[in-house]
Amino acid sequence: VYGGHCSPFREATIIGNLLLVGHEEHFYLYDLKAKTSLLILQMGGYFGHLYIDHENFYVADAESLFCIDKNGSIVWHSKNLGIDGVIVEKFTDSQIYGSGEWDPPGGWQDFVLDKKTGKSSTAYFG
């Protein structure tokens, strides 16, 4: 199906009746019980990582982070976190700590996002 390989990252997991799959340039959310697709999301560049915290799913691509609820709705999309990778390091009750790669290889810069809105909240210095 793909003319060329575009991402070294892929993840799949089942939570309850939901199948979550990140592969190549997409993230898929599928309801196994209802046998219906809830979301097909085109990634910026490539699918990076899938994170799960409480009721929400967080999907990172090359440049940004999406917060998605269990119904397949995009709660927020935080852009411009990097140019070649976004990684979440930890979740707290109100914030998301992570880093984005701005100067590959190895030029990572930290960020902190408000968990409810996805907006940058404070500078993060380790």
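Before reading further, recall that the structure is shown in the block above.
Scope of this entry: the structure provided in the associated data block. (Residues numbered from 1 in each chain as written. Predicted model: local features only at pLDDT ≥ 70, side-chain atom pairs only at ≥ 80, totals over all residues. Heavy atoms only, no water.)

**Comments concerning the sheet that holds strand β8 (residues 74–78)**
Thinking step 1. Across the sheet, 4 strands lie side by side as β5-β6-β7-β8; this open sheet has antiparallel pairing. Taken across any chain shown, the strands that pair with only one partner, and hence form the sheet edges, are β5 (47–53) and β8. Each neighbouring strand pair of the sheet contributes to a mean axis angle of 15°, computed without reference to strand direction.
Thinking step 2. Two elements, β5 and strand β6 (residues 56–61), share 6 bridges in a ladder whose sense is antiparallel. Paired with Asp 53 across the two strands is Asn 56, which belongs to β6. (Pairing = 2+ DSSP bridges. Helix = DSSP H or I, 4+ residues; strand = E, 2+ residues; numbered from the N terminus. Axes fitted to C-alpha atoms, helices over the stretch in contact; angles between N-to-C directions.)

**Looking at the packing of aromatic side chains**
Any two aromatic rings considered together are summarised by their centre-to-centre distance and by the angle between their planes.
Thinking step 1. What the rule picks out here adds up to 4 aromatic pairs.
Thinking step 2. When the centroid spacing of 6.5 Å and the interplanar angle of 65° are considered together, the rings of Tyr 51 and Phe 91 count as edge-to-face. Residue Tyr 51 is located in strand β5, and its partner Phe 91 is located in strand β9 (residues 86–91); the two are separated by 40 residues in the primary sequence.
Thinking step 3. Overall, the relative accessible area of 22% leaves Phe 91 in the partly exposed class.
Thinking step 4. On the numbers, 6.0 Å between centres and 50° between planes, the contact of Tyr 58 with Trp 76 is tilted. Within this pair, whereas Tyr 58 is found in strand β6, its partner Trp 76 is found in strand β8, the two being separated by 18 residues in sequence. Of the two residues examined, Tyr 58 and Trp 76, each falls in the buried class.
Thinking step 5. These aromatic residues form a ring-pair network of at least three members: Tyr 51, Tyr 58, Trp 76 and Phe 91. (Phe/Tyr/Trp six-rings, centres within 6.5 Å; stacked < 30°, edge-to-face > 60°. Buried < 20%, exposed > 50% of the residue type's maximum accessible area, 1.4 Å probe, protein only.)

**Things to note about the nonpolar core**
Thinking step 1. Within the largest apolar cluster, 13 residues are counted, with the highest numbers of intra-cluster contacts made by Phe 27, Leu 29, Val 59 and Ile 68.
Thinking step 2. Filtering out sequence-adjacent residues up to four positions away, Leu 29 remains in contact with Leu 18, Leu 19, Leu 20, Ser 37, Leu 38, Leu 39, Phe 57, Ile 68, Asp 69, Lys 70 and Gly 72.
Thinking step 3. Core analysis: the next-biggest nonpolar cluster, separate from the first, contains 12 residues, Tyr 51, Leu 65, Leu 81 and Phe 111 among them. (Core = buried A, V, L, I, M, F, W, Y, C linked by side-chain atoms within 4.5 Å. Contact = heavy atoms within 4.5 Å.)

**Quick word on the side chain of Asp 53**
Thinking step 1. Inspection of the secondary structure puts Asp 53 in strand β5.
Thinking step 2. In this structure Asp 53 comes out as buried when scored by relative accessible area, which is 13%.
Thinking step 3. Within the structure, Asp 53 has its side chain in polar contact with the side chain of Lys 115 (distance 2.4 Å).
Thinking step 4. Leave out the neighbours within four places in its chain, and Asp 53 touches Tyr 58, Phe 91 and Lys 115. (Polar contact = N/O pair within 3.5 Å; in protein donor to acceptor, adjacent residues only side chain to side chain.)

**Considerations on the pairing of β8**
Thinking step 1. The sheet contact formed by strand β7 (residues 65–68) and β8 spans 4 bridges and is antiparallel. Within β8, the position partnered with Ile 68 by the bridge is Ile 74.
Thinking step 2. The antiparallel pairing of β7 with β8 creates a hairpin that spans 5 residues between the two strands, and Gly 72 there sits at a positive phi of about 90°.

**Notes on the pairing of strand β3 (residues 26–31)**
Thinking step 1. Examined bridge by bridge, strand β2 (residues 18–23) and β3 share 6 bridges and lie antiparallel to one another. The partner of Leu 20 across the bridge, within β3, is Leu 29.
Thinking step 2. A loop of 2 residues connects β2 with β3, the two strands running antiparallel in sequence, and Glu 24 in this loop sits at a positive phi of about 55°.
Thinking step 3. One ladder, built from 6 bridges, connects β3 with strand β4 (residues 36–42); its direction is antiparallel. Bridge assignment links Leu 29 to a residue of β4, and that residue is Leu 39.
Thinking step 4. Following β3, the chain reverses through 4 residues before pairing antiparallel with β4; Lys 35 in that reversal takes a positive phi of roughly 55°.

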